[in-house]
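One-letter residues, chain by chain:
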Amino acid sequence: MTIQWFPGHMAKARREVTEKLKLVDIIFELVDARIPISSSNPMLQDIIQQKPRLILLNKADMADQRLTKKWIEAYEDRGLKALAINAQAGNGMKEIVKAAQEILHEKRERQKAKGLKPRPVRAMIIGIPNVGKSTLINRLAKKNIAKTGNTPGVTRAQQWIKVGKELELLDTPGILWPKFEDPETGYKLALTGAIKDTLLNMQDIAVFGLRYLEENYPDRLMERYELSEIPDDIDHLFDHIASQRGCIAQGGDTDYDKTADVIVKDLRTQKFGTITFDLPDKDPV
Ligand code: GDP
């Protein structure tokens with residue numbers, strides 16, 4: 001599902017999240033581990049205000065493990081807890097509950113001291129489209145979807161999913177828009193499947209991908225396309241890939257559109273291994 005975001009949609013999304021926010025103790029902010037910043041919502045902090053949050057770096061199976069570790073440290077430096085997870089395989093699920101309890105520990109101790117009965121931590125998942133929200137909810141839910149009645153102030157009856165004894169998760173996630181701040185962010189969102197190809201020029205996405213590989217993963221680029229060195233001229237690089245992969249138009253010229261498709265597909269299907277496109281030193285938290 002890819003949503004076209006217009007100002008009206010953004011305002012509505014913000015309103016919906018703000019409504020649900022009242023029901024929970026903590027936010028699980030789901031981002032793509034390959035692009036933790038590009039897949040985050042630019043207004044999130046402003047929307048959630050003081051509400052505690054746990055950052056979940058999802059699809060960690062497709063991200064560069066070394067950089068995921070660095071990202072977790074970068075968040076920690078900012079006083080934020082982040083976890084690497086794989087919602088599809090169900091890796092990291094236990095850690096989510098544990099981390100949420102740790103984040104809320106002091107608050108819960110204060111409540112206990114006041115004589116308030118401890119109740120399960122209530123959480124909601126927030127993230128941009130395609131980041132894995134439904135997959136994670138299904139993972140955590142197993143079969144424990146509990147029906148509850150109407151909650152005042154919310155139009156639809158909210159259902160809570162019991163995750164063990166200690167956590168209840170809102171069954172519908174908060175959906176917010178991604179960043180559209182610069183073309184580079186767009187290319188990264190396209191390469192990770194967060195936005196539709198048709199929104200951007202395929203050749204531009206491929207050029208961005210090649211340049212990124214050249215700078216950050218040159219050995220993998222050379223290996224995949226059997227290069228002894230990387231040509232300076234991007235057209236020459238396209239020509240080489242085209243002849244290697246049979247992307248030749250009638251008359252023998254390089255078919256640049258077809259070549260771009262091949263490059264983007266290779267990037268999306270991890271043909272260069274696991275790659276992270278946001279760098280903690282360049283794209284700080
Ligand atoms: P939503 O729009 O945020 O609810 O995203 P979905 O849950 O529909 O997931 C979008 C796509 O990402 C689906 O094809 C999922 O199978 C896939 N996906 C979700 N989590 C992971 C993960 O941790 N690893 C991988 N490799 N794929 C995932």
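Placed above this text is the structure.
The shown structure was predicted, so the numbers you read here are calculated from the model rather than taken from an experiment.

Draft legend 1. Structural view of the overall build of the protein chain. Regarding its fold elements, the protein chain presents 10 helices and eight strands. Taking the principal axes of the C-alpha coordinates as reference, the protein chain spans close to 80 × 35 × 35 Å. Looking at the 285 residues of the protein chain, the share that counts as buried comes to 48%. Intrachain contacts of the protein chain at a sequence separation of at least 6 include 70% that bridge at least 24 residues. About 15000 Å² of surface is accessible on the protein chain, with carbon and sulfur atoms providing 49% of the total. Across the protein chain, the 44 positively charged side chains and the 41 negatively charged ones have centroids separated by 14 Å.

Draft legend 2. Seen up close, helix H4 (residues 93-113). If you check H4, its first and last C-alpha atoms are 30 Å apart, about what 21 residues at 1.5 Å a residue would give, namely 30 Å. What H4 keeps buried is the set Met93, Ile96, Val97, Ala99, Ala100, Leu104 and Arg108. Following H4 by one or two positions, Gly115 has its phi on the positive side, about 85°.

Draft legend 3. Spatial organisation of the environment of Leu170. Within the secondary structure, Leu170 sits in strand S7 (residues 167-170). For the pair Leu170 and Met124, spaced 46 residues apart in sequence, the C-alpha to C-alpha distance is 5.1 Å. In contact with Leu170, not counting residues within four places along its chain, are Lys20, Leu23, Ala123, Met124, Ile137, Gln158, Gln159 and Trp160.

Draft legend 4. Fine view of the packing of aromatic side chains. A complete count under the given rule lists eight aromatic pairs for this structure. Seen in terms of ring centroids, Tyr212 and Tyr217 are 6.5 Å apart; in terms of plane orientation they differ by 45°. Their pairing is tilted. Relative accessible area serves as the criterion here: at 7%, Tyr217 is assigned to the buried category. Judged by centre distance (5.2 Å) and plane angle (45°), the ring pair of Tyr212 and Phe277 falls under tilted. With Tyr212 in helix H7 (residues 202-216) and Phe277 in the segment after helix H10 (256-268), this pair connects stretches of sequence that are 65 residues apart. The class of Tyr212 is buried, set by a relative accessible area of 9%. Put simply, the rings of Tyr187, Phe208, Tyr212, Tyr217 and Phe277 touch in pairs and so form one group of aromatic residues.

Draft legend 5. Representation of the site of the ligand in the model. In the neighbourhood of the ligand, 15 residues make up the surrounding shell, with Asp61, Asn130, Lys133, Ser134 and Thr135 lying closest. The separation between a nitrogen atom of the ligand and a polar side-chain atom of Asp61 is 2.7 Å. For the ligand, an oxygen atom lies 3.2 Å from a polar atom in the backbone of Val131. Contact with the protein chains hides 76% of the accessible area of the ligand, taken as 590 Å² for the molecule alone.

Draft legend 6. Layout of the packing of H7 against H10. Axis separation between H7 and H10 bottoms out at 8 Å; the angle between their running directions is 50°. Comparing their axes, H10 and H7 come out oblique. As for the relative orientation of H7 and H10, their crossing is left-handed in sense. Residues Met202, Gln203, Ile205, Ala206, Gly209, Leu210 and Leu213 of H7 pack against Tyr256, Asp257, Ala260, Asp261, Ile263, Val264 and Leu267 of H10.

Draft legend 7. View of the pattern of salt bridges. Per the counting criterion, the structure on display carries 16 salt bridges. Of the charged contacts in the structure, one is a salt bridge between Arg14 and Asp46, with a shortest N-O distance of 3.0 Å. Within this pair, whereas Arg14 is found in helix H1 (residues 7-21), its partner Asp46 is found in helix H2 (residues 44-48), the two being separated by 32 residues in sequence. Among the salt bridges present, the one from Arg53 reaches Glu29, with a minimum N-O distance of 2.6 Å. A residue pair is termed long-range when its members are at least 10 positions apart, and Arg53 in strand S2 (residues 53-58) and Glu29 in strand S1 (residues 26-32) qualify at 24 residues. Of the two residues, Arg53 and Glu29, both sit in the buried class. Within the structure, one salt-bridge network assembled from shared partners comprises Glu184, Lys188, Asp278 and Asp283.

Draft legend 8. Representation of the pairing of strand S3 (residues 81-84). Sheet topology places S2 next to S3; four bridges connect them, and they run parallel. Its bridge partner being in S3, Leu56 is matched across the sheet by Leu83. For the crossover that starts at S2, traverses helix H3 (residues 65-77) and ends in the parallel S3, the hand is right-handed.

Draft legend 9. Fine view of the side chain of Lys133. Looking at the secondary structure, you find Lys133 in helix H5 (residues 133-141). At 11 Å, Asp32 is the nearest oppositely charged side chain to Lys133, a buried residue that forms no salt bridge. Among the polar contacts listed, one links the side chain of Lys133 to the backbone oxygen of Ile128, at a separation of 2.6 Å. Lys133 has contacts with Leu30, Ile125, Ile126, Gly127, Ile128, Pro173, Gly174 and Ile175, leaving out every residue within four places of it along the chain.

What counts, and where the lines are drawn
Numbers given for residues are sequential positions, taken from 1 along each chain in its written order. In keeping with the model being predicted, local features are shown solely for residues with a pLDDT of at least 70 and side-chain atom pairs are shown and tallied solely at 80 or more, while totals for entire chains, interfaces and linings include all residues. The basis for every side-chain value is the complete set of heavy atoms in the structure, and neither hydrogens nor water enter the calculation. By definition, any uninterrupted DSSP run of H or I lasting at least four residues is a helix, any uninterrupted run of E lasting at least two residues is a strand, and each is numbered from the N terminus. Only protein chains enter the area calculation, which uses a 1.4 Å probe; residues under 20% of their type maximum are buried, those over 50% are exposed, and those in between are partly exposed. Any two residues having at least one pair of non-hydrogen atoms within 4.5 Å are treated as being in contact. Here, Shrake-Rupley sampling with a 1.4 Å probe gives the accessible areas, and only protein chains in the shown set may cover a residue. In this count, Lys and Arg are taken as positive residues and Asp and Glu as negative ones, while His and the chain termini are left out. For this purpose, a charge sits on NZ of Lys, CZ of Arg, CG of Asp or CD of Glu. Multiply 1.5 Å by the residue count of a helix minus one, and that product is the helix's expected span. Only rings of Phe, Tyr and Trp enter the pairing, Trp through its six-membered ring, and a pair is recorded when the two centres are within 6.5 Å. The plane angle decides the type: under 30 degrees is stacked, over 60 is edge-to-face, the rest tilted. It suffices for a single heavy atom of a residue to lie within 4 Å of a molecule or strand for the residue to be listed as near it. In protein, a polar contact requires one atom able to donate a hydrogen and another able to accept it; more generally it is a pair of N or O atoms within 3.5 Å, and residues adjacent in sequence count only if both atoms are side-chain atoms. A fitted line through C-alpha atoms serves as each axis, taken over the contacting stretch for helices, and the angle formed by two N-to-C directions is quoted from 0 to 180°. Working definition: roughly parallel below 35 degrees, roughly antiparallel above 145 degrees, roughly perpendicular at 65 to 115 degrees, and oblique for all remaining angles. Note: crossing handedness is left-handed where the near helix turns anticlockwise from the far helix by less than a right angle, and right-handed where it turns clockwise. For salt bridges, the criterion is a side-chain nitrogen of Lys or Arg within 4 Å of an Asp or Glu carboxyl oxygen. Two strands are said to pair when DSSP picks up at least two bridges between them. Seen with its strands pointing away from the viewer, a crossover is right-handed when the path leading from the first strand over the helix to the second is clockwise.

These results come straight from atomic positions and should not be treated as a statement about function.
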